[in-house]
There are 2 protein chains.
Amino acid sequence: APKMITVVHCETPSGTLNPLDELGKIKLRHNVPLIYADVVASLGGAPVLTDEWAIDLALGGSQKCLSAPPGMCFVAISPQAWEVIDQVDYQGYDALKPFKTAQENFYFPYTPYWHGMAALNAAAGRLLDEGLEQSYSRHKKAAEYCRQGLQEMGLSLFPAPGAVQSPTVTAVKVPESITWPELDSRFRLRGLVVGGSYGPLSGKVFRLGHMGSQADLDLVELALDAIRQVV
Amino acid sequence: APKMITVVHCETPSGTLNPLDELGKIKLRHNVPLIYADVVASLGGAPVLTDEWAIDLALGGSQKCLSAPPGMCFVAISPQAWEVIDQVDYQGYDALKPFKTAQENFYFPYTPYWHGMAALNAAAGRLLDEGLEQSYSRHKKAAEYCRQGLQEMGLSLFPAPGAVQSPTVTAVKVPESITWPELDSRFRLRGLVVGGSYGPLSGKVFRLGHMGSQADLDLVELALDAIRQVV
């Protein structure tokens, strides 16, 4: 029997949002002990309801929607996951167990990365000051504006018609009339650096991030202007 | 046949420096393909001659003798080690292989941690400005001054008589007349926080770090003063 479901919430290569709530239900229906979700590119930009969706481990990162420097990751852990962690009793450098009592005992298991903690604390404070709902709505508006502008230029979005498009990143098909290296260099000449793709999507899809402080209509408009001049 | 020797150069719990040069010779004599040395607590404070000592992988950290913020690690890799890395062909997140062409191609395999890179660059520049030999000599003097002061107070050093005492950290026996928690709290009352020990040395040994910017006779003297008032 499977021991864990692993899933990426916001899949940046395809610009889609996977249905964590449905996957949590599948976990419960099939008695899979754990579901581990990578919410790195959604946390702060879209709702992540770990308790309601029965997500046991939710892994976040500092450098996406939180707009803090890269280098910090953090994980939300359910009571059921702590039970499994205790049973497994793994003690390596990448083990979660030593962190169970860290907050209670004021004892950080390894060298504390104070600068990263301070930056993450500032980023989380900024997000709470704005309000989570307001942040989600800001990301949604930026994404909609981005998608609409691209489609008005005749560009095609990558996500399939039924897919939930991510509020934090837009994946766009490279037009057939141009190669990706040529498109990329034309973008760069206009000061726009976008994400390319890897593996099967290499050269076929590019990505526009609108996460955290970049989920801003003025910034999206600047990017759209640069794209308009090229295509 | 063994595939790799792993060793810690400066062993902070015991305050000793292991003979990497001798271990490199053992590697060559017994045809062990690789030797992996943790030089985290020695790099910058003591010579680390990877080529002369036939060390294939030398792992460093930002937060010890380099006195940069924690969060960065880096590894020096020999041509022989690159051959093994190519053969193993491991591609996981902790793989070395994607970094082989990183510098040449100007392509960092994962999210670059710019802030850490900048800090590490500044720390390395500071070390080169001082001069490596000068830094080693500064660490040696600070360590000797520390050991002498402690012994003059009647304290015993932990390293065995034949051991090479580390120039970056001094391990001291907790006197029999006092418990470690009591000693620790008396130190803290005087503004001195020293490292305790874990496992078999727990409560028996404490450690004074004199690494990087802390390898400074005035700072060592301040620590010795606080210790003098207690013992």
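Described below are features of the structure shown in this document.

Rules used in this analysis
- Residues numbered from 1 in each chain as written.
- Chains lettered and ligands numbered in written order.
- Predicted model: local features only at pLDDT ≥ 70, side-chain atom pairs only at ≥ 80, totals over all residues.
- Heavy atoms only, no water.
- Helix = DSSP H or I, 4+ residues; strand = E, 2+ residues; numbered from the N terminus.
- Buried < 20%, exposed > 50% of the residue type's maximum accessible area, 1.4 Å probe, protein only.
- Polar contact = N/O pair within 3.5 Å; in protein donor to acceptor, adjacent residues only side chain to side chain.
- Contact = heavy atoms within 4.5 Å.
- Expected span 1.5 Å × (residues − 1).
- Buried area = accessible area lost by both parts, 1.4 Å probe.
- Salt bridge = Lys/Arg side-chain N within 4 Å of Asp/Glu carboxyl O.
- Nonpolar A, V, L, I, M, F, W, Y, C, P; charged D, E, K, R; others polar.
- Least-squares fit on C-alpha atoms with pLDDT ≥ 70 in both.
- Pairing = 2+ DSSP bridges.

**Remarks on the side chain of His139 of chain A**
Residue and element names in this part refer to chain A. Relative to the assigned elements, His139 resides in helix H5 (residues 132-152). When its relative accessible area of 0% is taken as the criterion, His139 is described as buried. Within the structure, His139 has its side chain in polar contact with the backbone oxygen of Ser135 (distance 2.8 Å). Once residues lying within four places of it in the same chain are set aside, the contact partners of His139 are Gly44, Gly45, Cys65, Pro167, Thr168, His210, Met211, Gly212 and Ala215.

**Topic: helix H6 (residues 132-152) of chain B**
Residues and elements named next belong to chain B. Across its 21 residues, H6 extends 30 Å between first and last C-alpha, which sits within 8% of the 30 Å expected from 1.5 Å per residue. Every buried residue belonging to H6 is among Ser135, Tyr136, His139, Ala142, Ala143, Cys146, Arg147, Gly149 and Leu150, and all of these are buried. Those residues of H6 that are buried lie in contact with helix H5 (114-130), strand E7 (169-173), strand E8 (205-209) and helix H8 (217-230). Positive backbone phi, at 90 degrees, marks Gly154, one or two positions downstream of H6.

**Regarding the interface of chain B and chain A**
Between chain B and chain A, the residue contacts involve nine residues of the former and nine residues of the latter. With both sides pooled, the region where chain B packs onto chain A buries about 770 Å², and carbon together with sulfur makes up 64% of that total. Contact with chain A buries surface across chain B, with Pro70, Thr111 and Tyr113 of chain B losing the most and accounting together for 49% of the total. For the pair chain B and chain A, the number of links is zero salt bridges. Counting every contact that joins chain B to chain A gives three residue pairs in polar contact (both at pLDDT 80 or more). By residue class, the composition of the side of chain B that touches chain A is six nonpolar, three polar and no charged.

**Concerning the relation of the copies chain B and chain A**
Its rotation angle being 180 degrees, the transformation that places chain B on chain A also includes 0.0 Å of axial translation and leaves an RMSD of 0.0 Å. Taken together, the turn and the small shift mark the pair as related by a two-fold rotation axis. Looking at the rotation axis and the C-alpha trace of chain B, the residue lying nearest is Gly71 of chain B, at 3.6 Å. Most of the interface of chain B is mirrored in chain A: 100% of its interface residues are interface residues there too.

**So, the pattern of salt bridges**
A full pass over the atoms with the stated rule returns 22 salt bridges over all chains. The salt bridge involving Asp225 of chain A is made with Arg228 of chain A; its shortest N-O contact spans 2.7 Å. Of this pair, Asp225 of chain A and Arg228 of chain A are both found in helix H7 (residues 217-230), three residues apart, which corresponds to roughly one turn of the helix. Owing to a relative accessible area of 31%, Asp225 of chain A belongs among the partly exposed residues under this scheme. Relative accessible area serves as the criterion here: at 38%, Arg228 of chain A is assigned to the partly exposed category. Here Glu221 of chain B ties to Arg228 of chain B by a salt bridge, and the two come within 3.4 Å at their closest N and O atoms. Residues participating in the shared-partner salt-bridge network are Asp86, Asp89, Lys97 and Lys100 of chain A.

**Side note on the pairing of strand E4 (residues 34-38) of chain B**
Residue and element names in this part refer to chain B. Summarising the sheet, strand E1 (residues 4-8) and E4 pair through five bridges and their orientation is parallel. From the neighbouring strand, Val7 faces E4, where its bridge partner is Ala37. Bridging between E4 and strand E5 (residues 57-61) involves three bridges; their strand directions are parallel. Bridge pairing links Asp38 to Leu59 in E5.

Geometric descriptors of this kind do not, in isolation, establish any biological role.
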